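Each chain, letter by letter, is given below.
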Amino acid sequence: MANQSPAHRGTDVRIPELVGALNFRDLGGYATNDGRAIRWNRLYRSGTTHRMTSGDLQHIVSRGIRYACDLRSNSERRHYRNRLNDVPDIEYWCHDHDRLPGDLGRLIRQPNARPEHSRAVMLAVYRELPYDFRGAYRELFTRLSNGQVPMVFNCTAGKDRTGVAAALVLTALGVPRRIIREDYLLSELFYDQCCDVMVNDGGNRFFGGVDRQLWEPMMRAESAYLDAMFDQLDAAHGSADRYLCDELGMHAGMIERLRSHLLE
């Protein structure tokens, strides 16, 4: 156990055994640069919840989750209902929009589409996500700094929009970038499940009739994707921390409140 990475250490605690959950995991336990750690059972990230069973929902309630932030588009939410919205004890908020990152379905259907093009698209998407979804991320950060925890936030696969959101929150909490990258890569554990949802569970509006080699790079969690996002923020703002202030309005007092609610 001693040679495990921080992200994999305590995986049995981080990733609960749920029947219908997708990429659902606890962000607790990660150490920060100042010697503190994120509290367990305070902040969760997830993919779509539409397959969750009644037993899964009971488990969610038992963890004390009180708030849910849904980053998906209106069409995604119509297609894959967020079952957490059915739980009376959970305050549900969704991002009202019709934008999908990078319009991936259209791009991989171009006549000249190639696997290397798909990967290049994902790198571009990650550079744009902090700006395309700044309104949703600003709302998420505001709610967390106001103490709306325990919370779960999600998108469909729980990898891209949610992955960037998690990386930004972990950055604000002072988690080293190496550990942030390791947490992001845990989404690879759910690769087969994500593909099943996107291809076989009505999600074929994205990938139906498209060669697997073309869409597979879009379903992977590659460290280069997250690095592209951070490189963009470093280049445009000097640092990811500065982006939080410039674009999300997270001044020092809000960061301190965020940390007071989530760190021990």
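For the structure given in this document, a descriptive report is provided here. (Residues numbered from 1 in each chain as written. Predicted model: local features only at pLDDT ≥ 70, side-chain atom pairs only at ≥ 80, totals over all residues. Heavy atoms only, no water.)

It is the contact of helix α5 (residues 115-132) with helix α12 (residues 223-237), at a shortest axis distance of 8 Å, that shows an interaxial angle of 45°. Taken as axis vectors, α5 and α12 run oblique relative to one another. The hand of the α5/α12 crossing is right-handed. On the side of α5, the interface is formed by Arg-119, Met-122, Leu-123, Tyr-126, Arg-127, Pro-130 and Tyr-131, while α12 contributes Ala-224, Tyr-225, Leu-226, Ala-228, Met-229, Gln-232, Leu-233, Ala-236 and His-237. Residue classes in the contact of α5 with α12 are distributed as 12 nonpolar, two polar and two charged. (Axes fitted to C-alpha atoms, helices over the stretch in contact; angles between N-to-C directions. Helix = DSSP H or I, 4+ residues; strand = E, 2+ residues; numbered from the N terminus. Parallel < 35°, antiparallel > 145°, perpendicular 65-115°, else oblique. Left-handed = near helix turned anticlockwise from the far one by under 90°. Contact = heavy atoms within 4.5 Å. Nonpolar A, V, L, I, M, F, W, Y, C, P; charged D, E, K, R; others polar.)

Moving on, we get to the nonpolar core. Nonpolar side chains in soluble globular proteins tend to be buried together. Ranked by internal contacts, the top residues of the largest apolar core, which has 56 residues, are Tyr-126, Tyr-137, Phe-141, Leu-168, Met-229 and Leu-244. In this structure, Tyr-126 is in contact with Lys-159, Asp-160, Val-164, Tyr-184, Tyr-225, Leu-226 and Met-229, ignoring residues within four places of it in sequence. With 14 residues, the next largest nonpolar core counts Ile-15, Cys-194, Val-210 and Leu-214 among its residues. (Core = buried A, V, L, I, M, F, W, Y, C linked by side-chain atoms within 4.5 Å. Buried < 20%, exposed > 50% of the residue type's maximum accessible area, 1.4 Å probe, protein only.)

Attention now goes to the sheet that holds strand β3 (residues 67-70). The strand order across the open sheet formed by five strands is β1-β2-β5-β3-β4, and the pairing between neighbours is mixed. For this open sheet the edge positions go to β1 (25-26) and β4 (91-94), each flanked by a neighbour on one side alone. Alignment of β3 against β4, held across four bridges, turns out to be parallel. Looking at β4, one finds that Tyr-67 is bridged to Glu-91. The strands touched by helix α7 (residues 161-173) within the sheet are β2 (43-46) and β5 (151-154), with β2 carrying the most contacts at an inclination of about 155°. (Pairing = 2+ DSSP bridges.)

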